[in-house]
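Here are the chains, one letter per residue:
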Amino acid sequence: MSRALLVIDVQNEYFTGALPITHPVGHLGRILEVMDAAEGKIPVVVIQHGADQGPIFRKGTPAWELHPEIAARPRDLLVQKEMPGSFTGTDLEAWLRERGIDTVTIAGYMTHMCCDTTARQAAHLGLKSEFLSDATGTLDLENAAGRVTAEELQRSILCAQQQFLSEVVPSSAWLRRL
């Protein structure tokens, strides 16, 4: 197995912007821990979501910027994306294939949107996924379809991922694999 760590959308929008991540507790600390452990052992890919217009992730704004702790850490590749999936409209797949990487480890935000979409895309591309249960995060969600707490949303996405798409593991177990 040859793996890469994908650190998805750890941007200020989720801390000081419109979409504050609330679950699980300690999500950022665990993301930083897996990034630090991966350095020099496996490639680290940081992914940044951006939009040309609209109220969230507007390119060039403070909310769009990477969280300072992520920006300060080494990475092997920075991927700019405009859609929930990290493979859509990017060179991520080609970069992984050039390096013989067959497994992606998913960390970052939001569990139910960009992390879930990226893991599903990876499965469609024939890549394996390790989905870090406590180094991904989400928030309470309410819209025309209903209301769900962050804890319920996290648990439901992790259960769906584990069913057919990813191996869902806590960061502590993943760290022992390095």
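Just above sits the structure.
I will try to describe carefully the structure that is included in this document.

Each value, and the rule that gives it
- Residues numbered from 1 in each chain as written.
- Predicted model: local features only at pLDDT ≥ 70, side-chain atom pairs only at ≥ 80, totals over all residues.
- Heavy atoms only, no water.
- Helix = DSSP H or I, 4+ residues; strand = E, 2+ residues; numbered from the N terminus.
- Rg over C-alpha atoms; globule rule 2.2 N^0.38 Å.
- Buried < 20%, exposed > 50% of the residue type's maximum accessible area, 1.4 Å probe, protein only.
- Contact = heavy atoms within 4.5 Å.
- Areas by Shrake-Rupley, 256 points an atom, 1.4 Å probe, with all protein chains shown as cover.
- Lys, Arg positive; Asp, Glu negative; His and termini not counted.
- Charge placed at Lys NZ, Arg CZ, Asp CG, Glu CD.
- Pairing = 2+ DSSP bridges.
- Right-handed = clockwise from strand over helix to strand, strands pointing away.
- Expected span 1.5 Å × (residues − 1).
- 1 Å grid on protein atoms, 1.4 Å probe; cavity = no way out; pocket = protein on both sides within 12 Å on 5 of 7 lines; lining within 4 Å.
- Points joined across faces, edges and corners; volume = space filled by probe spheres on them.
- Nonpolar A, V, L, I, M, F, W, Y, C, P; charged D, E, K, R; others polar.
- Polar contact = N/O pair within 3.5 Å; in protein donor to acceptor, adjacent residues only side chain to side chain.

### Description of the overall build of the chain
In terms of regular secondary structure, the chain is built from 6 helices and 8 strands. In the chain, the succession of helices and strands from N to C terminus is β-α-β-α-β-α-β-α-β-β-β-α-β-α. Against the globule reference of 16 Å for 178 residues, the chain gives a C-alpha radius of gyration of 15 Å, in line with a compact fold. If one aligns the C-alpha atoms of the chain with their principal axes, the spans along those axes are about 40 × 35 × 30 Å. Here the chain holds 178 residues, and 50% of them are scored as buried. Counting contacts in the chain only where the partners sit at least 6 residues apart, residues at least 24 apart contribute 77% of the total. Summing over all exposed atoms, the chain offers an accessible surface of approximately 8300 Å²; the carbon and sulfur share of this is 53%. The averaged location of the 22 negative side-chain charges in the chain is 4 Å from the averaged location of its 16 positive side-chain charges.

### Description of the pairing of strand β4 (residues 103-109)
With 7 of its 7 residues buried, β4 lies for the most part within the structure. Sheet topology note: the strand β1 (residues 3-8)/β4 ladder contains 6 bridges and is parallel. Directly across from Val7, in β4, lies its bridge partner Ala107. For the handedness criterion, the β-α-β arrangement of β4, helix α4 (residues 111-124) and strand β5 (residues 128-137) is classed as right-handed.

### Side note on helix α1 (residues 27-38)
Here α1 spans 17 Å end to end across 12 residues, near enough to the 16 Å set by a 1.5 Å rise per residue. Listed as buried for α1 are His27, Leu28, Arg30, Ile31, Leu32, Val34, Met35 and Ala38. The inward-facing, buried residues of α1 abut β1, β2 (44-49), α2 (68-71), β4, β5 and α6 (171-177). Taken from the residues just after α1, Gly40 is the one with a positive phi, measuring 80°.

### Quick word on empty space enclosed by the protein
Following the criterion strictly, the structure yields 1 cavity of 30 Å³ or more and no others. There is about 30 Å³ of room inside the largest cavity. Around the largest cavity sit Met35, Asp36, Glu39, Val44, Arg73 and Pro74, which together line it. Here the lining of the largest cavity is composed, by residue class, of 3 nonpolar, no polar and 3 charged.

### Brief notes about unusual backbone geometry
The peptide bond linking His23 to Pro24 adopts the cis configuration, its omega dihedral lying at 0°. You can see Pro24 is positioned in the loop between β1 and α1. Here the residue pair Tyr109 and Met110 is connected by a cis peptide bond, since its omega of -25° sits within 30 degrees of zero. With respect to the helices, strands and loops of the structure, Met110 is situated in the loop between β4 and α4. Of note, the phi angle at Asp9 is positive, near 55°, even though the residue is not glycine. Summarising the element assignment, Asp9 is placed in the loop between β1 and α1. Since its relative accessible area comes to 0%, Asp9 is described here as buried. Despite not being glycine, Phe57 has its phi angle at roughly 55°, a positive value.

### Structural notes on the side chain of Arg73
Along the polypeptide, Arg73 turns up in the loop between α2 and β3 (77-81). Engagement of the side chain of Arg73 in a polar contact is seen with the side chain of Glu69, the distance being 2.9 Å. Setting aside residues no more than four positions away along its own chain, Arg73 makes contact with Leu32, Met35 and Asp36.

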